Amino acid sequence: MALARQDYIAPWWTYWLHNFPHLNLNFQPIDNTFRPEEASYQQSLIFLACVSAVGLGLSLLLLAVYLSVICCCRKEEEEETKRPDSCCVTWAAVITGLIICSAVGVGFYGNSETNDGVYQLTYSLYNANQTVGGIDSLVTGSLNSMQVGLEEHLSRLDEIFSTRGDYGQTLRFMRQMADNIIRQLITLPDISKAKVDLAAIADQTAFVEYYRWLTYLLLLILDLVICLAACVGLAKHSRWLLISIMVFGVLTLILSWVSLGAGTATAVGTSDFCVSPDKFIVNQTRDFISADIVHYYLYCSQSLPNPFQQSLTTFQRSLTTMQIQVQGLLQFSLSIFPTAERDLLGIQRLLNTTEFNLHRLTALLECRSLHKDYLDALMGVCYDGVEGLLYLSLFSLLAAIAFSAMLCAVPRAWTLIASRDRDYDDIDEEDPFNPQARRMAAYNPNRSHIHSFCSYSSSLSSQNSLHPPPQAATSSATTSEYMNQSMLFGGNPRYENVPLIGRGSPPPSYSPTMRTTYLSMTEAQIRHFGTDFQI
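All residue numbers refer to position in the chain's written sequence, counted from 1. In keeping with the model being predicted, local features are shown solely for residues with a pLDDT of at least 70 and side-chain atom pairs are shown and tallied solely at 80 or more, while totals for entire chains, interfaces and linings include all residues. With hydrogens and water set aside, each side-chain value is computed from the structure's full complement of heavy atoms.

Q: Sorry, what's going on with the layout of surface pockets here?
A: Gaps left between atoms are located by rolling a probe of water-molecule size over the structure's atoms. Quantified by volume, the second largest pocket comes out at close to 270 Å³. Whether a set of points on the 1 Å grid over the protein atoms alone is a cavity depends on a 1.4 Å probe fitting there but being unable to get out, while an open set qualifies as a pocket with protein on both sides within 12 Å along at least five of seven lines; lining residues are those with an atom within 4 Å of a point. Contributing to the lining of the second largest pocket are 13 residues, with Trp16, Phe20, Leu260, Thr264 and Ser393 lying nearest its centre. Sorting elements by how many residues they give to the lining of the second largest pocket places helix H6 (residues 239-275) first, with 4 residues. Here the residues of the lining of the second largest pocket are counted per class, giving 9 nonpolar, 4 polar and no charged. Grid points are joined across faces, edges and corners, and a volume is the space filled by probe spheres set on the points. The helix and strand labels rest on DSSP assignments: H or I over at least four residues marks a helix, E over at least two residues marks a strand, and numbering proceeds from the N terminus. For this classification, Asp, Glu, Lys and Arg are treated as charged, while Ala, Val, Leu, Ile, Met, Phe, Trp, Tyr, Cys and Pro are nonpolar and the rest, including Gly, are polar.

Q: Explain the pattern of salt bridges to me, please; I cannot follow it from the model alone.
A: Working definition: two side chains of opposite charge can pair if their charged atoms are close together. We define a salt bridge as a contact between a side-chain nitrogen of Lys or Arg and a carboxyl oxygen of Asp or Glu at a distance within 4 Å. The tally for this structure, following the rule as stated, stands at 9 salt bridges. Across the pair Arg164 and Asp166 runs a salt bridge, and its minimum N-O distance is 3.0 Å. Under the scheme applied here, a residue whose accessible area is under 20% of the maximum for its type counts as buried, over 50% as exposed, and between as partly exposed, the area being computed with a 1.4 Å probe on protein chains only. Here Arg164 falls in the partly exposed class, since its relative accessible area comes to 27%. Among the salt bridges present, the one from Glu209 reaches Arg212, with a minimum N-O distance of 2.7 Å. Here the residue Glu209 and the residue Arg212 both occupy positions in helix H5 (residues 198-236), the gap between them amounting to 3 residues, near one helical turn. Given a relative accessible area of 7%, Glu209 falls into the buried group. Where salt bridges share partners, they join Asp31, Arg35 and Glu38 into one cluster.

Q: What am I meant to see in the nonpolar core here?
A: Side chains of nonpolar character tend, in soluble globular proteins, to be buried together. Put simply, buried Ala, Val, Leu, Ile, Met, Phe, Trp, Tyr and Cys residues joined by side-chain atoms within 4.5 Å make one nonpolar core. Judged by nonpolar contacts, the single largest core of 73 residues is most densely connected at Phe161 and Leu361. In terms of residues, this core owes the most to one element, helix H3 (residues 86-160), which gives 13 residues. Note on contacts: a residue pair is in contact if any heavy atoms of the two residues lie within 4.5 Å. Setting aside its immediate chain neighbours within four residues, Leu361 contacts Ile135, Leu138, Val139, Leu185, Leu188 and Leu312. Listed in part, the 20 residues of the second largest apolar core include Ile100, Tyr216, Ile245 and Leu392.

Q: Any chance you could explain the state of the cysteines here in plain terms?
A: In a disulfide, the sulfur atoms of two cysteines are held together by a covalent bond. Disulfides are defined as cysteine sulfur pairs within 2.5 Å. A complete count under the given rule lists 2 disulfides for this structure. Between the sulfur of Cys300 and that of Cys367 lies a disulfide, 2.0 Å long from S to S. The chirality of the disulfide connecting Cys300 with Cys367 is right-handed, given an S-S dihedral of about 60 degrees. Of this pair, Cys300 sits in the loop between helix H8 (291-299) and helix H9 (309-332) while Cys367 sits in helix H11 (residues 367-425), and the two are 67 residues apart along the sequence. For the residue pair Cys300 and Cys367, the accessibility class agrees, reading buried in each case. For the protein, the disulfide bridges join cysteines in the arrangement 1-4, 2-3, where the cysteines are counted in sequence order.

Q: Quick question: what am I supposed to make of the packing of aromatic side chains here?
A: Any aromatic ring pair is given by two values, namely how distant the centres are and how the planes are angled relative to each other. Pairing of aromatic rings covers Phe, Tyr and the six-membered ring of Trp, with a centre-to-centre limit of 6.5 Å; geometry is then stacked below 30 degrees between planes, edge-to-face above 60, and tilted otherwise. All told, the structure shown has 18 aromatic pairs when counted by the stated rule. Between Phe27 and Phe47 the ring centres are 5.6 Å apart and the planes differ by 90 degrees, which places this aromatic pair in the edge-to-face class. One end of the pair, Phe27, is in the loop between helix H1 (12-18) and helix H2 (39-80); the other, Phe47, is in helix H2, and 20 residues separate them in sequence. Phe27 gets classed as exposed once you look at its relative accessible area, which sits at 61%. A residue is classified by how much of its surface remains accessible, and Phe47, at 17% relative accessible area, is buried.

This is a description of form; function is not addressed.
See below:
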């Protein structure tokens with residue numbers, strides 16, 4: 001029996017996933033119909049997960065090859081003494097960080113959507129279980145009332161009315177009506193034969209979903225922490241952070257590929273169900289529920305007759321007939337058999353309770369309640385659930401690519417940091433033109449006699465520009481003046497240029513020719529000015 005469904009249409013992404021190749025472990029194509037109990041279908045989902053495992057293996061292999069090449073080429077780079085280009089590392093870090101942040105955003109959205117879909121599924125299962133449990137409880141209670149409670153009252157009335165044949169005939173007619181009610185109740189579907197506890201399924205689903213949600217949340221937070229640590233490590237030139245990034249980056253890369261495989265397999269399997277859910281439900285319930293009843297609840301169409309209508313009508317008529325018979329006995333027999341009043345009133349109360357249960361049973365058997373729960377479950381699983389799984393798969397793929405790039409960039413960053421440390425270690429502390437050496441001289445008392453060449457050269461040029469060609473007395477006085485000035489300021493870079501500033505001269509500037517001039521001092525200049533300017 002095939003009907004066109006108007007209230008549920010599978011989304012396009014379920015058809016897209018449903019058309020994925022379904023291959024078993026022998027690489028043979030199989031039918032993509034949702035059959036979770038069959039081994040071949042399970043193998044097709046395992047095959048999809050293995051594709052991600054292959055991607056993980058290739059990523060680790062390429063990463064190992066890349067690191068081996070980096071290690072082999074490191075000696076050649078050290079011999080060339082060429083600083084690595086930091087531009088590539090910087091751009092790689094920026095692009096990787098943007099990809100990771102985008103992937104984490106997609107992952108948070110997908111995790112939330114999947115959780116919403118599973119929550120809607122479990123909520124619908126709880127509601128459906130309550131409805132089914134209510135039906136089973138009302139049917140069981142009504143059967144017990146007719147088979148046990150009513151029979152006890154009728155047996156005592158048989159003894160009381162044993163001398164009146166007409167009253168005995170009325171009691172036999174009431175037994176016939178009770179048997180009709182029992183037969184109608186037995187024809188109703190026995191839910192207990194299904195051996196399926198919807199509440200237990202909902203509890204198990206909620207349990208698994210909680211840990212799935214928590215696992216993805218921790219993975220997303222780990223990605224953000226690694227991205228932040230990478231930024232801090234590059235900014236602070238911290239080798240320990242780079243080592244930690246390598247370790248946790250490999251771990252996150254493995255987790256990303258694993259989550260990609262699990263998410264893809266789950267999304268494909270769920271999509272196979274969402275494409276034709278009615279067919280799967282009919283196949284699962286055909287052993288204990290007729291196809292007419294299942295279609296009545298799956299479609300809940302006005303064109304479909306209520307399969308319980310005849311049974312409920314017979315139930316109601318038999319119950320009404322019994323109530324009329326009891327009312328007649330109460331009216332005419334109590335004057336003759338006053339002891340029958342207790343049992344007749346007990347039967348009347350029992351019939352009233354059964355009638356109330358009949359109205360409740362009629363409402364629960366109506367298709368709208370269970371059909372709504374069924375649609376809500378489909379919407380939660382096939383729309384929010386599968387969509388969230390797609391976003392989580394996209395997150396896993398982007399994270400795997402980004403961390404692969406990050407793990408390739410970390411060795412380059414390590415080389416760059418090592419190169420910078422080597423440059424700082426190669427600084428000549430004895431170089432008078434090194435600002436660091438001049439600062440160290442101010443804190444080193446053993447080197448207080450060393451003067452900056454800037455002061456010497458500038459003073460010398462100022463002397464030549466302000467005085468005529470030196471004579472004997474003038475040269476002696478000038479020499480004494482500069483020696484006193486050198487002794488006065490002690491080579492302190494804060495004060496040795498004060499005379500130049502006082503004369504309005506510009507501050508000395510560093511140039512390569514100044515060092516050449518300093519190193520090319522003649523023996524005559526050394527004898528003339530003394531040894532104050534020697535290092």
